[in-house]
Amino acid sequence: HFPPSIRAAAALWPSESGLMSEGGMRLQKILSRAGVASRRAAEKLIAEGRVSVNGTTVLEMGTKADAASDDIRLDGRRVKSAETPRYILLNKPPGYVTTRKDPQRRPTVIDLLRGVREYVYPAGRLDYDTEGLVLMTNDGDLVAKLMHPRHGVERTYEARVNGVPDTDAIERLRTGVPLDGRRTRPAEVTLLHRGHTDRDSLLILTIREGRNRQVRRMCQAVGFPVRALARTRMGPLRDARLKSGMWRDLTADEVQALKKASGGEHKPRKSAAKNAKKKRP
Ligand code: URA
């Protein structure tokens, strides 16, 4: 049981998170939350020109930033958010945007995450009309690595398309189709089954990029427009039993697998880290 003062502080959270989504949190608060300095001392650090956000030194006291996605540095060293990392797998229904806030005021994936207090945001996007798995996290480093084209994390989609793609169309999807003047990278494509008639069929596609509306545009480009699209796998993450609109935290094994898929984690052993620190360049 918390004393009244703490309960009162907790009650302040909702308005605070509203403020954050409108453009971040005050820099001195981020620094103090990250355990860098007290808020007063953090203000001093800012005034002294020792704090930068995304490469620009910040001197103005009211400046806001986003602890999860901005590159905040003190004396050139990255300040890590003190928030506990949270990794959530969401099965997005159609009709939701994958952003924290939509200028058009459509429902967002955040509306589905009731009870999640961490400042999580989506790793990559699914179209408004597309359903399926979305990773939501406050681990900005992981998101940056995961989304980097270099790692080519696999994403698998089920696409219901108009008509029945012939072998030629499937081969073109596999080898790559030009979109905006650049070919898509090789994909795995399976025609899973035909519909009851020749009117539609189901394609399973695994791609290693995340270009805008990529699957829809690929299928359109070979003459078989997508009617409905669902993502069923993202890297090591899959869950056929997670119902539409529901979410769950990743297991520790899934988090490990995800970190591995994103290029691995460089976590030297403690003793090694100590030695590394002592060494002078
Ligand atoms: N490809 C698409 O066309 N849409 C998505 O949402 C994801 C991949």
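Numbering of residues begins from 1 in every chain and follows the order in which that chain's sequence is written. Local features in this predicted model are restricted to residues of pLDDT 70 or higher, and side-chain atom pairs are both shown and tallied only at a pLDDT of 80 or more, whereas totals for entire chains, interfaces and linings draw on every residue. Based on all heavy atoms of the structure, the side-chain values leave hydrogens and waters out of the count.

A look at the overall build of the protein chain
- Secondary structure summary: the protein chain contains nine helices and 16 strands in total.
- A buried classification covers 42% of the 281 residues belonging to the protein chain.
- Counted over contacts in the protein chain with a minimum sequence separation of 6, partners at least 24 positions apart contribute 64%.
- Accessible area of the protein chain: about 16700 Å², with a carbon and sulfur share of 51%. For the purposes of this entry, the term helix denotes a DSSP run of H or I that reaches at least four residues, the term strand denotes a run of E that reaches at least two, and both are numbered from the N terminus. Here's how the labels work: a residue is buried when its accessible area is under 20% of the maximum for its type, exposed when over 50%, partly exposed in between, all with a 1.4 Å probe on protein chains only. In this description, contact between two residues means that some pair of their heavy atoms is separated by no more than 4.5 Å. Computed with a 1.4 Å probe, the accessible areas rest on the Shrake-Rupley method; for each residue, only the protein chains presented here act as cover.

Focus: the side chain of Asp-70
- Relative to the helices and strands, Asp-70 resides in the loop between strand S4 (64-65) and strand S5 (72-74).
- Put simply, Asp-70 is tucked away with no salt bridge, and the nearest opposite charge, on Arg-78, sits 8.3 Å away.
- Distance and chemistry together define a polar contact, namely a pair of N or O atoms within 3.5 Å, with one atom able to donate a hydrogen and the other to accept it when in protein, and with adjacent residues in sequence counting only for side-chain atoms on both sides. At 3.0 Å, the side chain of Asp-70 and the side chain of Asn-54 are in polar contact.
- The residues touching Asp-70, leaving out its near neighbours within four places in the chain, are Val-53, Asn-54, Ala-65 and Arg-78. Counting rule for charge: Lys and Arg are taken as positive, Asp and Glu as negative, and neither His nor the chain ends is counted. The working definition used for a salt bridge is a side-chain nitrogen of Lys or Arg within 4 Å of a carboxyl oxygen of Asp or Glu.

Notes on the site of the ligand
- Lining the immediate surroundings of the ligand are Leu-126, Asp-127, Thr-130, Tyr-157, Arg-213, Gln-214, Val-215, Arg-216 and Leu-229.
- Backbone polar atom of Arg-213 to an oxygen atom of the ligand: 3.2 Å apart, as the coordinates give it.
- Protein chains shield 96% of the accessible area of the ligand, which is 230 Å² for the free molecule.
- With three residues, helix H7 (residues 214-221) is the largest single contributor of residues to the shell around the ligand.
- Gly counts as polar in this scheme, as do all residues outside two lists: the nonpolar Ala, Val, Leu, Ile, Met, Phe, Trp, Tyr, Cys and Pro, and the charged Asp, Glu, Lys and Arg. Residues that form the shell around the ligand fall into these classes: four nonpolar, two polar and three charged. When at least one non-hydrogen atom of a residue lies within 4 Å of a molecule or strand, that residue is treated as near it.

Quick word on the pairing of strand S9 (residues 131-137)
- Of all the seven residues making up S9, six are buried; the element is thus mostly covered by neighbouring parts of the structure.
- Strand direction decides the pairing type here: strand S7 (residues 87-92) and S9, joined by six bridges, are antiparallel. Counterpart to Asn-91 in the pairing with S9 is Leu-133. Strand pairing follows a simple DSSP-based rule, namely that at least 2 bridges must link the two strands.

Regarding the nonpolar core
- In this text, buried Ala, Val, Leu, Ile, Met, Phe, Trp, Tyr and Cys residues form a nonpolar core when linked through side-chain atoms within 4.5 Å. Ranked by internal contacts, the top residues of the largest apolar core, which has 30 residues, are Met-136, Leu-203 and Val-215.
- Of all elements in the fold, only S7, S9, strand S10 (155-162), helix H6 (167-175), strand S14 (200-207), H7 and strand S15 (226-234) reach the threshold of two or more residues within this core.
- Not counting residues up to four positions away in its chain, the partners in contact with Val-215 are Tyr-157, Ala-159, Leu-205, Ile-207, Val-226 and Leu-229.
- Counting 18 residues, the second largest nonpolar core, distinct from the first, contains Ala-68, Tyr-121, Leu-133 and Leu-135.

Brief notes about the pattern of salt bridges
- Counted under the stated rule, the structure contains 21 salt bridges.
- Asp-102 is the partner of Arg-106 in a salt bridge, and the nearest nitrogen-oxygen pair spans 2.9 Å.
- For the salt bridge of Asp-239 with Arg-248, the shortest nitrogen-to-oxygen distance reads 2.7 Å.
- It is possible to trace a salt-bridge network through shared partners that takes in Lys-44, Glu-48, Arg-50 and Asp-75.

Overview of the sheet that holds S5
- Strand order across the open sheet formed by four strands is S3-S2-S5-S6, with antiparallel pairing between neighbours. Edge positions in the open sheet fall to strand S3 (56-57) and strand S6 (77-78), since each of these has one partner strand only.
- Bridge count between strand S2 (residues 51-53) and S3: two bridges; the pairing is antiparallel. The residue bridging Ser-52 from the neighbouring strand is Thr-57, located in S3.

Focus: the confidence of the model for the protein chain
- Confidence of the predictor in every single residue is expressed as pLDDT, which spans 0 to 100. On average, the protein chain scores 84 in pLDDT, and the residues at 70 or more come to 84%.
- Per-residue pLDDT stays below 50 along residues 1-22; that stretch engages in 14 contacts with residues further than four places along the chain or on separate chains.
- Taken together, the stretch residues 266-281 has pLDDT below 50 and engages in one contact with residues farther than four places along the chain or on a different chain.

With respect to helix H8 (residues 252-261)
- Burial in H8 covers these residues: Glu-254, Val-255, Leu-258 and Lys-259. Projected down its long axis, H8 carries its buried residues within an arc of 135°, all on one side. Across from the buried face of H8, at angles greater than 90 degrees, the exposed residues are Ala-252, Asp-253 and Lys-260.
- The secondary structure elements touched by the buried residues of H8 are S7, S9, helix H5 (140-147) and strand S16 (247-249).
- Positioned one or two residues after H8, Gly-263 has a phi angle of 105°, which is positive. Read the arc as the range of directions from the helix axis to the C-beta atoms.

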